[in-house]
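Spelled out, the chains give:
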Amino acid sequence: MTWIIAANTPYGFALVLSDIRVTWKRGKKVIRSENCLQKIYPVGNGVTGFAGSVTLGFRMINGITERIKRESPSGNFSSADLAATWLPRYLRHVHSKSTDGEQTLGAQVLIGNAHPHCIYDGSFPPLPVFELLSFSAPRFEPRSGTHGILSIGSGSAKLKDALARFSLMQLDKSMVDTPSILAFFLSTYFQDALREKPVDDVSEVFQYVILRKGQTPQFVNLPYWVEFKGRERINY
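What counts as what
Residues numbered from 1 in each chain as written. Predicted model: local features only at pLDDT ≥ 70, side-chain atom pairs only at ≥ 80, totals over all residues. Heavy atoms only, no water. Helix = DSSP H or I, 4+ residues; strand = E, 2+ residues; numbered from the N terminus. Buried < 20%, exposed > 50% of the residue type's maximum accessible area, 1.4 Å probe, protein only. Contact = heavy atoms within 4.5 Å. Areas by Shrake-Rupley, 256 points an atom, 1.4 Å probe, with all protein chains shown as cover. Salt bridge = Lys/Arg side-chain N within 4 Å of Asp/Glu carboxyl O. Pairing = 2+ DSSP bridges. Axes fitted to C-alpha atoms, helices over the stretch in contact; angles between N-to-C directions. Core = buried A, V, L, I, M, F, W, Y, C linked by side-chain atoms within 4.5 Å. Left-handed = near helix turned anticlockwise from the far one by under 90°. Nonpolar A, V, L, I, M, F, W, Y, C, P; charged D, E, K, R; others polar.

Visitor: Hey, could you run me through the overall build of the protein in this one?
Guide: For the protein, the count of helices and strands is 8 helices and 13 strands. Sorting the 236 residues of the protein into buried and exposed places 47% on the buried side. Considering only contacts within the protein whose residues lie at least 6 apart along the sequence, 62% involve residues at least 24 apart. For the protein, the exposed area adds up to about 12400 Å²; of that, 52% sits on carbon and sulfur atoms.

Printed below as a string of structure tokens:
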């Protein structure tokens, strides 16, 4: 399936990490897997991603992206406002028009952004409030994270202990001054969790996105290896 993790930090930025594995199944058995699929994409000055059916996921996030582009040409929007108006209804509509096979694979969507106007009370300098929400079939009711962390996909249930143990507030201040260092720390933490408790349909390879208010999301690919058939692992 997938594992997408969003971290709402109190340091002026947010992070979204995603594995890149796609799997083919026969019944419940995984018959093939590849680490090759991007699951998180920019939408305005925010980001959206999916877990579950790849076909259904792309259909949903493409529709979200197009509507936000029409309604918010500046790129600034509020995920909470979308959740209170058209977004759950739209996701239910797309889901209802999908095939039984697509529905069986599941559908989850994550969307995140910096609120266009809100800031943390009393923060100096003013720090933006980041909205991170997820929606799951069949009702697609909005859900926010716990202690600044939100996740979707099969890793959410199978590695919930790792999520529960993690706290952004335990990090050293020097680490949070640079978003890319914090993203690397996050990815390493969850990679270690996957090595301790592997999940067939979640890769140990992560792509991450740095979200800042009023800026285009910064996508970064961490170094990783791929294994070609019949050859040794090759580092990139």
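Visitor: Looking at this structure, how should I read the pattern of salt bridges?
Guide: Pairing of side chains with opposite charge becomes possible as their charged atoms draw close. Applying the stated rule across the entire model yields 7 salt bridges. The closest approach of N and O atoms between Arg59 and Glu102, which form a salt bridge, is 3.3 Å. A residue pair is termed long-range when its members are at least 10 positions apart, and Arg59 in helix H1 (residues 54–71) and Glu102 in helix H4 (residues 100–105) qualify at 43 residues. Given the relative accessible area of 37%, Arg59 is considered partly exposed. Taken together, the shared-partner salt bridges connect Asp192, Arg195 and Glu204 into one network.

Visitor: I'm lost on the sheet that holds strand S7 (residues 107–119) in this one. Help?
Guide: Reading across from one edge, S5-S6-S7-S8 is the order of the 4 strands in this open sheet, with antiparallel pairing throughout. This sheet does not close on itself; its edge strands, each paired only once, are strand S5 (40–43) and strand S8 (128–136). Strand-to-strand twist in this sheet, taken as the mean axis angle between neighbours without regard to direction, amounts to 25°. Alignment of strand S6 (residues 46–52) against S7, held across 6 bridges, turns out to be antiparallel. Within S7, the residue paired with Phe50 across the bridge is Val109. Relative to S6, H1 is tilted by about 160°, and along the sheet it contacts S5, S6 and S7.

Visitor: I tried to follow the sheet that holds strand S9 (residues 149–153) on my own but got confused; where do I start?
Guide: Sheet strands pair via backbone hydrogen bonds, and the direction of the pair is either parallel or antiparallel. Read from one edge to the other, the open sheet built from 5 strands follows the order S9-S1-S2-S10-S11, with strand pairing classed as antiparallel. A single partner strand is all that each edge strand has here, and the edge strands are S9 and strand S11 (218–221). The average undirected angle you get between the axes of adjacent strands in this sheet is 15°. Pairing of strand S1 (residues 3–8) with strand S2 (residues 14–19), which is carried by 5 bridges, proceeds in the antiparallel orientation. Its bridge partner lying in S2, Ile4 is registered against Ser18.

Visitor: Which parts of the structure should I look at to understand the nonpolar core?
Guide: For soluble globular proteins, nonpolar side chains are generally found buried alongside one another. Of all hydrophobic cores here, the largest spans 21 residues; its most connected members are Trp3, Ile5, Leu15, Leu186, Phe190, Leu194 and Phe206. Broken down by secondary-structure element, the contributors of at least two residues to this core are S1, S2, helix H8 (179–196) and strand S10 (206–211). With residues near it in sequence (within four places) discarded, Phe190 still touches Trp3, Ile5, Ala162, Leu163 and Phe206. Among the nonpolar cores identified, the runner-up in size contains 18 residues, and Val43, Ile68, Phe77 and Trp86 belong to it.

Visitor: Looking at this structure, how should I read the packing of H1 against helix H3 (residues 87–96)?
Guide: To describe two helices that pack against each other, one gives the angle between their axes and the distance between the axes. Contact geometry for H1 and H3: axes closest at 10 Å, N-to-C directions at 145°. H3 is crossed by H1, and the crossing has right-handed handedness. Each of Leu56, Arg59, Met60, Gly63 and Ile64 in H1 lies in contact with H3, whose residues at this interface are Leu87, Tyr90, Leu91, Val94 and His95. In terms of residue class, the contact of H1 with H3 is built from 7 nonpolar, 2 polar and 1 charged.

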